[in-house]
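# Structural characterization, general
Listed below, chain by chain, are the residues.
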Amino acid sequence: MELLRLIHGYQFGSGLAFLFPTPYALATLVLFLWSLGPALKGEVRGGFLAWLRLTWVLTLIPVVTGVVLALGGAKVPSATPVQGQVTKYGYPADPSRDWEHWMYSAFCLLSLYVLEVLVRGKLVPHRQGLRLLPVVTLFLYGCAYMVGRVAVFPGSTPGT
């Protein structure tokens, strides 16, 4: 279980963690920046698709490990008091953060699915869909960022 916790909870320890706290958030930030090219040019190249697939992998690794941990009874660290009412990060425990962590994770999966639909041009005309890539990837980055943030920091109602 400790190996799963290590894989699932890996975070950067530098000052850049304010911009991208996890490798997954970094991958989605790169995907957002890369999506500007297809949106402007109107075509998707192989590099963008490869990075999109890598982002899928970096999404599914924490999802699978998180589901296994949840089945084992684990909750997000910001919702789990370690000493009294304090989490392992030294903040007050906020049990409501556990469902928020799941919500943002679901938004990430949904965003990746929408990106696949837009890239393939199935529901929306291809060029019009490519113009929406930066919007969806920015939303994906925001959700990926919040997945890491919700795991560490309490919300507005700690202790409830």
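Residues numbered from 1 in each chain as written. Predicted model: local features only at pLDDT ≥ 70, side-chain atom pairs only at ≥ 80, totals over all residues. Heavy atoms only, no water.

## A closer look at the overall build of the protein
Broken down by element type, the protein carries six helices and zero strands. Put simply, the protein runs from its N terminus to its C terminus through helices and strands in the order α-α-α-α-α-α. The 160 residues of the protein split such that 38% are buried. By sequence separation, contacts in the protein at least 24 residues apart represent 69% of the contacts at least 6 residues apart. For the protein, the exposed surface amounts to about 9000 Å²; the carbon and sulfur share of it is 70%. One way to put it: in the protein the 12 positive side-chain charges average out to a point 10 Å from where the 6 negative ones average out. (Helix = DSSP H or I, 4+ residues; strand = E, 2+ residues; numbered from the N terminus. Buried < 20%, exposed > 50% of the residue type's maximum accessible area, 1.4 Å probe, protein only. Contact = heavy atoms within 4.5 Å. Areas by Shrake-Rupley, 256 points an atom, 1.4 Å probe, with all protein chains shown as cover. Lys, Arg positive; Asp, Glu negative; His and termini not counted. Charge placed at Lys NZ, Arg CZ, Asp CG, Glu CD.)

## A short note on the environment of Trp102
Among the secondary structure elements, Trp102 is positioned in helix H4 (residues 97-120). On a C-alpha basis, the gap between Trp102 and Val150 in space is 9.8 Å, while along the polypeptide they are 48 residues apart. In contact with Trp102, not counting residues within four places along its chain, are Gly66, Val67 and Ala70.

## Concerning the state of the cysteines
Applying the stated criterion across every chain yields a total of zero disulfides. There is no disulfide at Cys108, and the cysteine sulfur nearest it, in Cys143, is 5.0 Å away. (Disulfide = S-S within 2.5 Å.)

## Some remarks on the environment of Gly73
Tracing the backbone through its elements, the reader meets Gly73 in the loop between helix H3 (46-71) and H4. For Gly73, a relative accessible area of 55% puts it in the exposed group. Through-space distance from the C-alpha of Gly73 to that of Tyr24 is 24 Å; in sequence the pair is 49 residues apart.

## With respect to the confidence of the model for the protein
Of the residues in the protein, 98% have a pLDDT of 70 or more, and the chain-wide mean is 89. Here helix H1 (residues 2-8) stands out as the element of the protein with the lowest mean pLDDT, 84, in contrast to helix H2 (residues 23-41), whose mean of 95 is the highest. (pLDDT = per-residue confidence, 0-100.)

## Considering the packing of H2 against H3
Two elements in contact, H2 and H3, have axes separated by 10 Å at closest approach and are oriented at 155°. With respect to each other, H2 and H3 are oriented roughly antiparallel. Pair H2 / H3 crosses with left-handed handedness. Of H3, the residues touching H2 (which contributes Pro23, Tyr24, Ala27, Thr28, Val30, Leu31, Trp34, Ser35 and Pro38) are Gly47, Phe48, Trp51, Leu52, Thr55, Leu58 and Thr59. (Axes fitted to C-alpha atoms, helices over the stretch in contact; angles between N-to-C directions. Parallel < 35°, antiparallel > 145°, perpendicular 65-115°, else oblique. Left-handed = near helix turned anticlockwise from the far one by under 90°.)

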